[in-house]
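An overview of the molecular structure
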Amino acid sequence: EAAQRINQDSIQILVDLNGHSKGSRTSLLMMRPAPVTINWLGYPCTSGGAAHVAVADKISAPPEISHIFTEKLLLTAHSYFINNHAYMYPRPFGDLENTTYLNYFVPSLMGMLLHRTPN
């Protein structure tokens, strides 16, 4: 039902913030309900084919192990993990309705993703 709704709503980029952890929706991502699916934050390694792209850094995806990733890697210049609790608490991703919680990294990442996505 969720995959059908995502498709019906024409969601173009679906970001998984959970990864292989408790309550994950990896099976939903495996259905490819959106043209681009991204693995970010929840699990610092490959999703095993569930996502198209993995956001990582040179610590979580050093060149010598990058071949294990099934996703295309989007390497950030610094840490891929938002760890400034002053900006992320109480919402880990940001709140577009209350820009107090929106950190500088969220629009930067979204801009990079949109720039690299055809059409």
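The rules behind the values
For every chain, the first residue of its written sequence is number 1, and the numbers climb from 1 along that sequence. It should be noted that, the model being predicted, local features are given only for residues of pLDDT at least 70 and side-chain atom pairs only at 80 or more, the latter also being counted only at that level, while totals for whole chains, interfaces and linings use all residues. Side-chain numbers come from the whole structure's heavy atoms, not from hydrogens or water. The buried label applies to any residue whose accessible area, calculated with a 1.4 Å probe on protein chains only, is under 20% of its type's maximum; exposed applies above 50%, and partly exposed to all values in between. A run of H or I in DSSP counts as a helix once it spans at least four residues, and a run of E counts as a strand once it spans at least two, with each numbered from the N terminus. Strand pairing is assigned whenever DSSP detects at least two bridges linking the two strands. Just to be clear on terms, a salt bridge is a Lys or Arg side-chain nitrogen sitting within 4 Å of an Asp or Glu carboxyl oxygen. By the convention used here, residues are in contact when the closest approach between their heavy atoms is within 4.5 Å. Throughout, an axis means a line fitted to C-alpha atoms (over the contacting stretch in the case of helices), and angles, computed between N-to-C directions, take values from 0 to 180 degrees. Pairs of N or O atoms are called polar contacts if they sit within 3.5 Å, as long as, within protein, a hydrogen donor faces a hydrogen acceptor (for residues adjacent in sequence, only side-chain-to-side-chain pairs). The quantity known as pLDDT measures the predictor's confidence residue by residue, on a range of 0 to 100.

So, the pairing of strand β1 (residues 13-16)
Here β1 shows a buried face lined by Leu14 and Asp16 and an unburied face lined by Ile13 and Val15. Both β1 and strand β2 (residues 36-39) contribute to a ladder of four bridges, which runs parallel. Residue pairing for β2: Leu14 is matched across the bridge by Thr37.

Structural notes on the pattern of salt bridges
For the structure shown, the criterion picks out one salt bridge. A salt bridge links Arg5 to Asp9; the nearest nitrogen and oxygen atoms lie 2.8 Å apart.

Side note on the environment of Pro44
Looking at where Pro44 falls in the secondary structure, it is placed in the loop between β2 and β3 (53-56). With a relative accessible area of 45%, Pro44 lands in the partly exposed category. C-alpha of Pro44 to C-alpha of Ala54: the two residues are 10 residues apart in sequence and 8.7 Å apart in space.

A closer look at the side chain of Thr26
Among the structural elements, Thr26 can be located in helix α2 (residues 26-30). Not counting residues up to four positions away in its chain, the partners in contact with Thr26 are Gly19, His20 and Ala50.

With respect to unusual backbone geometry
Although it is not a glycine, Ser10 adopts a positive phi angle of roughly 55°. Topologically, Ser10 is positioned in the loop between α1 (2-8) and β1. For Ser10, a relative accessible area of 47% corresponds to the partly exposed category.

A word on the sheet that holds β1
Taken in spatial order, the four strands line up as β1-β2-β3-β4 in an open sheet, and their pairing is parallel. The open sheet has two edge strands, β1 and β4 (72-75), and neither has a second partner. This sheet shows a mean twist of 25° between the axes of neighbouring strands, independent of strand direction.

Here we look at the environment of Ser24
Here Ser24 is to be found in the loop between β1 and α2. Each C-alpha atom of the pair Ser24 and Gly42 lies 9.1 Å from the other, and the pair is 18 residues apart in sequence. The contacts of Ser24, once residues within four sequence positions are left out, are Asn18 and Gly19. Reaching out from Ser24, the side chain makes a polar contact with the side chain of Thr26 at a distance of 3.5 Å.

Quick notes on the confidence of the model for the chain
Averaged over every residue, the pLDDT of the chain is 78; residues scoring 70 or more account for 78%. In this model, residues 87-95 is a region of pLDDT below 50 whose contacts with residues beyond four sequence positions or in other chains number 16 contacts.

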